[in-house]
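Overview (structure and organization)
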Amino acid sequence: MKVRACMEQEIAPIMTEYWEKAKFPFHVIPKLGALRIAGGTIKGYGCPGLSITGSALATAEVARVDASCSTFILVHSSLAMLTIAFCGSEAQKQKYLPSLAQLKTVGCWALTEPDNGSDASALNTTATKVEGGWILKGQKRWIGNSTFADLLVVFARNTTTNQINGFIVKKDTPGLTATKIENKIGLRIVQNGDILLKNVFIADEDRLPGVDSFQDTNKILAVSRVMVAWQPIGISMGIYDMCHRYLKERKQFGAPLAAFQINQQKLVHMLGNVQAMILIGWRLCKLYESGKMTPGQASLGKSWITLKARETAAIGRELLGGNGILADFLVAKAFCDLEPIYTYEGTYDINSLITGREITGFASFKPAASSKRSRL
């Protein structure tokens, strides 16, 4: 309720304006910081130490009003902060987490590259050991918050071991540049960037000691995938709320739109989706809290929930008629914002394959070898 009140009073009135301009409302960061939800499940270091269920509900309430705000917090909290908490040294946790928890500093998480999206483990950015530290070279793409983040958690391939390592890179480090990606149709408030790392020197003290392979990165993704699943849940809650209110207020043919059977059927369809999505999300949280959640379960939850959220948004768009294409009525904005969420943290297809591998024992990520023989 605390998060909902803040989002409705402070954030909702300005989101359409900033979404339209594709600019970030920096003045709301202190308001979001005051909610004490950044750092979510992390205990100590000034972090809230919420259960994953509590953190998920907070994520949903932010997304209910604005998906971009929830993505900003998720990248900062469930990716950057969680990586430091899971894989950082004690000194790194004490140095970075307290200010990140208060949103006095902002973090981002750089894994994806121009040529490596779904195949993230094949990343090309390199880390070469030199005296006193490391030299990073390469590119990253689609990195949320990167144009203004105070620190970046960057993943690179160790040129000696050929394994993936993690590094904390501070803003304004020589050789680091971040350029905003323009012309997005969704999550327009989120400042996604192209990052160039040109002989960037990172001191030994800023290498994350707990990242020695891509499997260590997957530990973070398992948690963040649950949190991402709660974004479309929140978005769908907001769409339902808007449509429910709109149908009762707007009249046509001498009656509220809510009095027509076909509109009631669509509203009930949306409500059924939202209830089922919440139960799947809740179940994932409980499995995680009991230490039983598998990667396939997290992937199934994320892929199925985003699929149902897309369906819910499409029905909501229909119910609002002409107003359904105006960002002012929330649904059009949510309709667009769901598209990148359907894709990031593993596309629908990739998450389906992760679950498929788990239930069959066969990995089918790489295409079958093509045969030169004719089928005839």
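Residues numbered from 1 in each chain as written. Predicted model: local features only at pLDDT ≥ 70, side-chain atom pairs only at ≥ 80, totals over all residues. Heavy atoms only, no water.

Moving on, we come to the packing of aromatic side chains. In the structure shown here, the tally under the stated rule is 10 aromatic pairs. Consider the rings of F24 and F26, whose centres lie 5.1 Å apart with planes at 55°: the pair is tilted. The exposure class of F26 is partly exposed, given its relative accessible area of 44%. Summarising the aromatic geometry, the rings of W109 and F155 are spaced 5.0 Å apart at their centres and angled 65° between planes, so their arrangement reads as edge-to-face. Within this pair, whereas W109 is found in strand 3 (residues 107-110), its partner F155 is found in strand 6 (residues 151-158), the two being separated by 46 residues in sequence. Taking relative accessible area as the criterion, W109 reaches 8% and is therefore assigned buried. On the basis of relative accessible area, F155 is assigned to the buried category, the value being 0%. The ring of Y18 has K21 lying over it, and the distance from NZ or CZ to the ring centre is 4.8 Å. Its guanidinium or amino end placed over the ring of W19, R188 lies 5.5 Å from that ring's centre, counting from NZ or CZ. (Phe/Tyr/Trp six-rings, centres within 6.5 Å; stacked < 30°, edge-to-face > 60°. Buried < 20%, exposed > 50% of the residue type's maximum accessible area, 1.4 Å probe, protein only. Helix = DSSP H or I, 4+ residues; strand = E, 2+ residues; numbered from the N terminus. Lys NZ or Arg CZ within 6 Å of the ring centre and 35° of its normal.)

Moving on, we come to the packing of helix 4 (residues 67-87) against helix 5 (residues 90-101). Packing of helix 4 against helix 5 leaves a shortest axis separation of 9 Å and a crossing angle of 160°. Taken together, the axes of helix 4 and helix 5 are roughly antiparallel relative to one another. Taken as a pair, helix 4 and helix 5 cross one another with a handedness that is left-handed. Of the residues in helix 5, those in contact with H76, M81, I84 and A85 of helix 4 are Q92, K93, Y96, L97, L100 and A101. When grouped by side-chain class, the residues that make up the contact of helix 4 with helix 5 number seven nonpolar, two polar and one charged. (Axes fitted to C-alpha atoms, helices over the stretch in contact; angles between N-to-C directions. Parallel < 35°, antiparallel > 145°, perpendicular 65-115°, else oblique. Left-handed = near helix turned anticlockwise from the far one by under 90°. Contact = heavy atoms within 4.5 Å. Nonpolar A, V, L, I, M, F, W, Y, C, P; charged D, E, K, R; others polar.)

At a minimum axis distance of 9 Å, the contact between helix 6 (residues 214-249) and helix 7 (residues 261-289) shows a crossing angle of 155°. By the angle class used here, helix 6 and helix 7 are roughly antiparallel. The interaxial crossing formed by helix 6 with helix 7 has left-handed handedness. When helix 6 is examined against helix 7, the residues V223, V226, W230, P232, I233, S236, M237, I239, Y240, C243, H244 and L247 are found in contact with a partner set consisting of N263, L267, M270, L271, V274, M277, I278, G281, W282, L284, C285 and Y288. Counted by class, the contact of helix 6 with helix 7 contains 20 nonpolar, four polar and no charged residues.

Turning our eyes to something else, we now look at the side chain of N165. The topology assignment puts N165 in strand 7 (residues 164-170). Contact partners of N165, with chain neighbours within four places excluded, come to W134, V154, F155, A156, N158, R207, V211 and D212.

Let us now look at empty space enclosed by the protein. Tallying each qualifying case throughout the model produces three cavities of 30 Å³ or more. Considered as a void within the structure, the largest cavity measures approximately 100 Å³ in volume. In this structure, the largest cavity is lined by I37, S55, A58, T59, V62, S70, I73, L74, S77, S78 and M227. Contributing elements (two or more residues each) for the lining of the largest cavity: helix 3 (52-65) and helix 4. (1 Å grid on protein atoms, 1.4 Å probe; cavity = no way out; pocket = protein on both sides within 12 Å on 5 of 7 lines; lining within 4 Å. Points joined across faces, edges and corners; volume = space filled by probe spheres on them.)

Our focus in this paragraph is the nonpolar core. The biggest cluster of nonpolar side chains holds 116 residues, and the ones touching the most others in it are L32, F72, I84 and L136. For this core, the element with the most residues is helix 6, which contributes 18 residues. If we skip the residues at most four places from it in the chain, I84 touches Q92, K93, Y96, L97, L100, L151, V153, I168 and L208. (Core = buried A, V, L, I, M, F, W, Y, C linked by side-chain atoms within 4.5 Å.)

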